[in-house]
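# Commentary on secondary and tertiary structure
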Amino acid sequence: VNHMIDSVLVEHDFSASYLRSKGNNFGKEVAESQLTTDTQVIRISSAMNLMNVEDYGNEFGNRFAAVQNDLDILAKTREDIKNNELGVNETVAYYQQLTGNMLRLLELMPILSEQKTLSNITNAYINFLNLKSQALNEKLILKNVFSFGLFLGKNFANFTKSVNYQSVYEKGYLALATVEQ
């Protein structure tokens, strides 16, 4: 899952940069990042197809379905990005939703485990992945700030929120992580 989230975060970053350049830059990087994500989607989809979702309860099933729905519209979203038919904000929102839904599904993994140590390791890992996701949000916000030379609209509030979330996730990670992590 880590590789999947990493590849989605990279694709997210390059896709937003591509749209900001009005399709003039980052085309190669977008294509390469999409290939990497596709490899991870195949791996995750294969694992998801082997799961009997009903065994894990309604909440797990709902979160599982949300991830599947996001993956189902990935190709259409990419096509809209390629054709400059999707704005930067909509693109960012889609990738944040996809990443967020994957993280919310992962959050249930400790509940499914009967081993306390495994639950703690998984919780630490989830905090780490959330930390990475918020760091990308901060990077995207600051790209906008530096390109315009000022905070526009909700950028300052979103920046502050992202930095605060990073602090919370970092503390959660450090509290639960093992020495090896």
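Notes on the structure in this doc start here. (Residues numbered from 1 in each chain as written. Predicted model: local features only at pLDDT ≥ 70, side-chain atom pairs only at ≥ 80, totals over all residues. Heavy atoms only, no water.)

## With respect to the overall build of the protein chain
Secondary structure summary: the protein chain contains 8 helices and 0 strands in total. When its helices and strands are written in sequence order, the protein chain yields α-α-α-α-α-α-α-α. For 181 residues, the compact-globule formula gives about 16 Å, and the C-alpha radius of gyration of the protein chain, at 17 Å, lands near that figure. Overall, the C-alpha framework of the protein chain stretches about 50 × 35 × 30 Å when taken along its three principal axes. (Helix = DSSP H or I, 4+ residues; strand = E, 2+ residues; numbered from the N terminus. Rg over C-alpha atoms; globule rule 2.2 N^0.38 Å.)

## Remarks on the packing of helix 3 (residues 58-72) against helix 5 (residues 88-107)
The contact between helix 3 and helix 5 brings their axes to 9 Å, and the two run at 150 degrees. For the element pair helix 3 / helix 5, the angle class is roughly antiparallel. In this structure, helix 3 meets helix 5 at a crossing whose hand is left-handed. Here F60, R63, F64, A66, V67, D70 and L71 of helix 3 come into contact with helix 5, specifically with Y94, Q97, L98, N101, M102, R104, L105 and E107. (Axes fitted to C-alpha atoms, helices over the stretch in contact; angles between N-to-C directions. Parallel < 35°, antiparallel > 145°, perpendicular 65-115°, else oblique. Left-handed = near helix turned anticlockwise from the far one by under 90°. Contact = heavy atoms within 4.5 Å.)

## A look at unusual backbone geometry
Residue F26 is not a glycine yet carries a positive backbone phi of 70 degrees. With respect to the helices and strands, the residue F26 is situated in the loop between helix 1 (2-20) and helix 2 (27-50). Overall, the relative accessible area of 33% leaves F26 in the partly exposed class. Unusually for a residue other than glycine, N84 sits at a positive phi of about 55 degrees. Checked against the element boundaries, N84 lands in the loop between helix 4 (74-82) and helix 5. (Buried < 20%, exposed > 50% of the residue type's maximum accessible area, 1.4 Å probe, protein only.)

## Brief notes about the packing of helix 5 against helix 7 (residues 116-148)
Two measures define how a pair of helices packs: the angle their axes make with one another and the distance between the axes. Following both chains from N to C, one finds helix 5 and helix 7 inclined at 170 degrees, their axes separated by 10 Å at the closest point. When the interaxial angle is binned, helix 5 and helix 7 end up roughly antiparallel. Listed contacts from helix 7 to V92, Q96, T99, L103, L106 and E107 of helix 5 are T122, I126, L129, N130, S133, N137 and L140.

## Brief notes about the layout of surface pockets
Space inside the largest pocket adds up to approximately 460 Å³. Along the walls of the largest pocket sit 18 residues, with V92, Q96, I141, N155 and N158 positioned nearest its centre. At 6 residues, the largest contribution of residues to the lining of the largest pocket is made by helix 7. (1 Å grid on protein atoms, 1.4 Å probe; cavity = no way out; pocket = protein on both sides within 12 Å on 5 of 7 lines; lining within 4 Å. Points joined across faces, edges and corners; volume = space filled by probe spheres on them.)

## Re the packing of aromatic side chains
The tally for this structure, following the rule as stated, stands at 8 aromatic pairs. Each ring, one from F14 and one from F26, has its centre 6.3 Å from the other, and the planes form 35 degrees; the classification is tilted. Separated by 12 residues along the polypeptide, F14 in helix 1 and F26 in the loop between helix 1 and helix 2 bring together distant segments of the chain. Of the residues examined, F14 reaches a relative accessible area of 24% and is grouped as partly exposed. Grouping aromatic residues by their ring pairs yields a cluster made of Y56, F60 and F64. (Phe/Tyr/Trp six-rings, centres within 6.5 Å; stacked < 30°, edge-to-face > 60°.)

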